[in-house]
Amino acid sequence: MGRVTGWGVTSPPPAFDPEATVQLDPEATVRLALPPTAPAAIEFAEERAVEVAPAPDADGADRRSSVEAVARGGGVNLFGAGITTVANLLLSVVVARAMSQANAGIFFSITSLILLLSTIGRVGTGGGAIYFLPRLRLLGSPQEVAECLRLSVRSTLAVSSVLGLGMLLLAPQIAEHVLGNTSSGVVLVLRLCGLALPFAALGDVLQSITRGFGRMRTTVLIERIARPLAQLVLVVLVVLVVPTHSVLLLVLAWTVPYLPATLLSWLPARRMAALNRARRSDAAPSGFDRREYWRFTGPRALISLTQVGLQRADVLLIISILGPVPAALYSAATRFLVVGQLGNQAISVALQPRLSAALARKDLDEAGMLYRTTTSWLVLTTWPLYLLVGAFPAGLLSIFGHRYASATDVVVVLCGAMLVATASGQVDTVLMMAGKSTWNLAKAVLALVVQVGVDLILIPQIGILGAAIGWAVSILVANLVPLAQLLVATGLHPVGRSSVTAVVLCTATVLPPAVIARVAFGDRLVPALAASVVAALLWAGALWKFRRALVLDAFIGGRRRGPRGGPGGPGGPGSGGPGPGPAPVGPAPAGAGANGAAPARNGTAVDGGRNGTKVAAPPRLTTPRKPAPTGRGRHRA
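Note that this is a predicted model, so its numbers are computed, not measured.

Points about the overall build of the protein
Across its full length, the protein holds 21 helices and 9 strands. Counting only residues that meet the buried cut, the protein has 54% of its 637 residues in that class. Long-range pairs, those at least 24 residues apart, make up 79% of the contacts in the protein between residues at least 6 apart in sequence. Carbon and sulfur atoms form 65% of the exposed surface of the protein, whose accessible area is close to 27200 Å².

Some words on the packing of helix α3 (residues 125–139) against helix α6 (residues 184–212)
Their axes nearest at 8 Å, the elements α3 and α6 cross at an angle of 25 degrees. Considering the angle they form, α3 stands roughly parallel to α6. Once α3 is placed against α6, the crossing between them reads as right-handed. Seen from α3, the contacting residues are T125, G126, A129, I130, L133, P134 and R137; seen from α6, they are V205, S208, I209, R211 and G212.

Observations regarding the packing of aromatic side chains
Following the criterion strictly, the structure yields 10 aromatic pairs and no others. Relative to F296, the ring of F132 has its centre 5.9 Å away and its plane inclined at 85 degrees; by these criteria the two rings are edge-to-face. Of this pair, F132 sits in helix α3 while F296 sits in helix α10 (residues 290–321), and the two are 164 residues apart along the sequence. Across this residue pair, the class does not change: F132 and F296 are buried. Taken together, the ring pairs in this structure connect Y131, F132, F288, Y293, W294 and F296 into an aromatic cluster.

Quick notes on the side chain of S376
Take S376: it is sitting in helix α13 (residues 364–391). Taking relative accessible area as the criterion, S376 reaches 0% and is therefore assigned buried. There is a polar contact of 2.5 Å between the side chain of S376 and the backbone oxygen of T373.

Side note on empty space enclosed by the protein
With a probe scaled to a water molecule rolled over the atoms, the places where space remains empty come into view. Tallied over the entire structure, the rule returns 4 cavities of 30 Å³ or more. The space that makes up the second largest cavity amounts to roughly 90 Å³. Sorting the residues of the lining of the second largest cavity by element identifies α10, α11 (324–333) and α12 (335–360) as the ones contributing at least two each. Of the residues forming the lining of the second largest cavity, the biggest block, 4 residues, is contributed by α10. Each residue belonging to the lining of the second largest cavity can be placed in one class, and the counts come to 4 nonpolar, 4 polar and 3 charged.

Quick word on the packing of helix α2 (residues 101–122) against α6
For the pair α2 and α6, interaxial distance at closest approach is 9 Å and the crossing angle is 40 degrees. Judged by the inter-axis angle, α2 sits oblique to α6. Considering how the two elements wind past one another, α2 and α6 form a crossing that is right-handed. Contact residues: I106, I110, L113, I114, L117, S118, G121 and R122 in α2; V186, V189, L190, C193, L197, A200, A201, D204 and V205 in α6. Classifying every residue of the contact of α2 with α6 by side-chain character gives 13 nonpolar, 2 polar and 2 charged.

Concerning the environment of A273
Tracing the backbone through its elements, the reader meets A273 in helix α9 (residues 258–279). Linking A273 and F213, residues 60 residues apart in sequence, is a C-alpha distance of 8.2 Å. Apart from residues no more than four positions distant in its own chain, A273 is found in contact with L149 and F213.

Observations concerning the nonpolar core
Formed by 95 residues in total, the largest nonpolar core has its most connected members in I110, L190, Y330 and F400. Leaving out residues up to four positions away in the same chain, F400 has contacts with L89, S92, V93, A96, R97, A332, R335 and F336. The next biggest cluster of nonpolar side chains, apart from the first, holds 20 residues, and it includes L206, I209, A269 and M272.

Quick notes on the pattern of salt bridges
Scanning the model with the defined rule gives 6 salt bridges in all. Across the pair R122 and D204 runs a salt bridge whose closest N-O atoms are separated by 3.3 Å. Taken together, the residues span a long stretch of sequence, with R122 in helix α2 and D204 in helix α6 at a distance of 82 residues. Between D289 and R291 there is a salt bridge, with the nearest N and O atoms lying 3.6 Å from each other. Through salt bridges with shared partners, one network takes in E147, R150 and R290.

Focus on the environment of G126
Take G126: it is sitting in helix α3. Accessibility expressed as a relative area gives 6% for G126, which makes it buried. Distance in space between the C-alpha atoms of G126 and T297 is 8.5 Å, their sequence separation being 171 residues. Excluding residues within four positions of it along the chain, G126 makes contact with V205 and S208.

Considering the side chain of Q451
Topologically, Q451 is positioned in helix α17 (residues 437–462). Those residues within four positions of Q451 in sequence are excluded, and the remaining contacts are G309, L310, D314, G470, W471 and S474.

Considerations on the confidence of the model for the protein
Looking at the protein, the pLDDT average stands at 76 and 71% of residues meet or exceed 70. Confidence drops under pLDDT 50 across residues 1–58; counting only partners more than four residues distant or on other chains, this segment forms 143 contacts. Here residues 558–637 is modelled with pLDDT under 50, and outside its nearest four sequence neighbours on either side it reaches 155 contacts, counting other chains as well.

What about unusual backbone geometry?
For V123, which is not glycine, the phi torsion reads 45 degrees and is therefore positive. Of note, V123 is situated in the loop between α2 and α3.

Structural notes on α17
Between its first and last C-alpha atoms α17 spans 36 Å; for 26 residues at 1.5 Å apiece the expected length is 38 Å, and the two agree. Roughly 30 degrees is the biggest bend found in α17, and it falls at L456, with proline P460 one to four residues downstream. All of the buried residues in α17 are N440, L441, K443, A444, A447, Q451, D455 and I459. Buried residues along α17 sit against α10, α16 (427–433) and α18 (464–490). Of the residues trailing α17, G463 is marked for its positive phi of about 75 degrees.

Remarks on a nonpolar patch on the surface
A surface patch of nonpolar side chains, amounting to about 550 Å² of accessible area, comprises V233, L234, L237, L240, V241 and V256. If you trace the backbone, L234 turns up in helix α7 (residues 217–241).

Re α9
Since the α-helix packs 3.6 residues into each turn, any two residues three or four apart lie on the same face. Under the 1.5 Å per step criterion, the end-to-end length of α9 is 32 Å for 22 residues, consistent within 8% with the ideal 32 Å. For α9, the set of buried residues is Y258, A261, T262, S265, P268, A269, M272, A273 and N276. Relative to the axis of α9, the buried residues are bounded by an arc of 140 degrees and lie together on one face. Set apart from the buried face of α9 by more than 90 degrees, the exposed residues are R270 and A278. Here the buried face of α9 lies against α2, α3, α4 (142–169), α6, α7 and α8 (247–255).

Rules used throughout
Residues numbered from 1 in each chain as written. Predicted model: local features only at pLDDT ≥ 70, side-chain atom pairs only at ≥ 80, totals over all residues. Heavy atoms only, no water. Helix = DSSP H or I, 4+ residues; strand = E, 2+ residues; numbered from the N terminus. Buried < 20%, exposed > 50% of the residue type's maximum accessible area, 1.4 Å probe, protein only. Contact = heavy atoms within 4.5 Å. Areas by Shrake-Rupley, 256 points an atom, 1.4 Å probe, with all protein chains shown as cover. Axes fitted to C-alpha atoms, helices over the stretch in contact; angles between N-to-C directions. Parallel < 35°, antiparallel > 145°, perpendicular 65-115°, else oblique. Left-handed = near helix turned anticlockwise from the far one by under 90°. Phe/Tyr/Trp six-rings, centres within 6.5 Å; stacked < 30°, edge-to-face > 60°. Polar contact = N/O pair within 3.5 Å; in protein donor to acceptor, adjacent residues only side chain to side chain. 1 Å grid on protein atoms, 1.4 Å probe; cavity = no way out; pocket = protein on both sides within 12 Å on 5 of 7 lines; lining within 4 Å. Points joined across faces, edges and corners; volume = space filled by probe spheres on them. Nonpolar A, V, L, I, M, F, W, Y, C, P; charged D, E, K, R; others polar. Core = buried A, V, L, I, M, F, W, Y, C linked by side-chain atoms within 4.5 Å. Salt bridge = Lys/Arg side-chain N within 4 Å of Asp/Glu carboxyl O. pLDDT = per-residue confidence, 0-100. Expected span 1.5 Å × (residues − 1). Bend = angle between axes of the 7 residues up to and from the residue. Patch = residues over 30% accessible without salt bridge, like charges linked within 9 Å, V, L, I, M, F, W, Y side chains within 5 Å. Arc of directions from axis to C-beta.

Take a look at the structure:
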């Protein structure tokens, strides 16, 4: 049986399609493209068939809107990632300077273990919530939204609680075989971390749920700003107040902020779920079920686990093979790498929904533009850091203390690998959004196997340098293999005008002052800081000069257009819908102007709600719009 849309257009009820074209704006604007079953001709009151023609340059405007949406979400996340970066780096410096290397190694190993187990405890449900909630809000019923929420929350609670219980019961064995320290304090801190593990896993899933409802603010304020700052403040207080600087108290200070962060994430998630139930109480079900949920979520759980394993497994291998002191050296040496990866995560969070929408429409040109543009932004935010750290490894490691300056080889090897990885762009995200989740999973497993295999061979032979080589090889595998897969399958690649400009700009502005300072004054902290200041000034000036080639004007344009699309904010042209709620599906009623304005003559329309402001009239109803090109995405970004 057919159903009647919001404007009286009769169409068949769509079946649930996990690849439906849904765009989730990071500022809560949700847009739904017409399904392929939409009628080619829409019948109005006059009983004559007409078809809506696209406005001039509609493709360019849509792509511009997509880039600006990614810029808005990416800019907000980059700000939050900047706070997280500074807080985590300072926390590492405080721990390294306040504790012995042995205790610092135990601290870094325990925190790595908690992060690894919390990722396992989430079983990929955060990604499932982000993927399904926007679709169910538009095509599904409140009961299906509630089912998605139950699957995400209950699964996370069940698995993370089992892991926490296992950590509580097996703490002596973990302390002996993983940490190499069976003292009562280490066993006690492992048991307390087991109690906190479900909170760490659930908080991340609740933040993913709020993003699925279109709210980026919760993730930025709580996960990116409040929790890292709270951890830093509590660790500093323990160092200042407690003279012994025990591992137990420092790990507790790092763990406690997960509890209020989870509560503060639960409140907005609960409120948004209630608002959705009230707004769409009469919506029909779409056919969503558990099998569809786990078919998407299962591979993502394994991918997330392998990604965290790539970042944390080497620390656990080092402490179990070599002991806590080399683990502390390695953790400090790789801290700058983690700093750069936060920018990668921030851009990825904003890119995913827009890229998913473009690929669902088979619009490879828009997908290629987004891929190349975000690659240039990623290079701009990470290459200066890696170039400077690679030029002054001993000088910058000295901020952790002179005992850590011996790990320079680790820094140089990993910085070289990360330069290649960031130049590949968001290749994992693009491959996943292109529907190649199995390929992505195979690549992630291959990279983890390579890393663990190389580590087991080289760590006993050459120490932490062997771990660095293992991680570097896995980084290259994790980026170059999917890059080749993506090129063969879709023709998408990161090389374009904006990405090449970013590489040349970073190299030309950072390397000359770094090389001059290194040759003239050596690998010390003061020359490194001086070179960083000069490079930052040159880099900022070059960014402004080449802002159009780098598509940086999207950040400015997005703000001028308002927080949710077109001029005037929610509901404005280009916002994709009347305010924060879902946009109606189907054409506007006959004779209606933009935003529901009354029709007028001479190509203008009067918006009755804006004091008679004239806005452009909608295009005349002529020929149907041609489908988006399905080429191989070779246009220049």
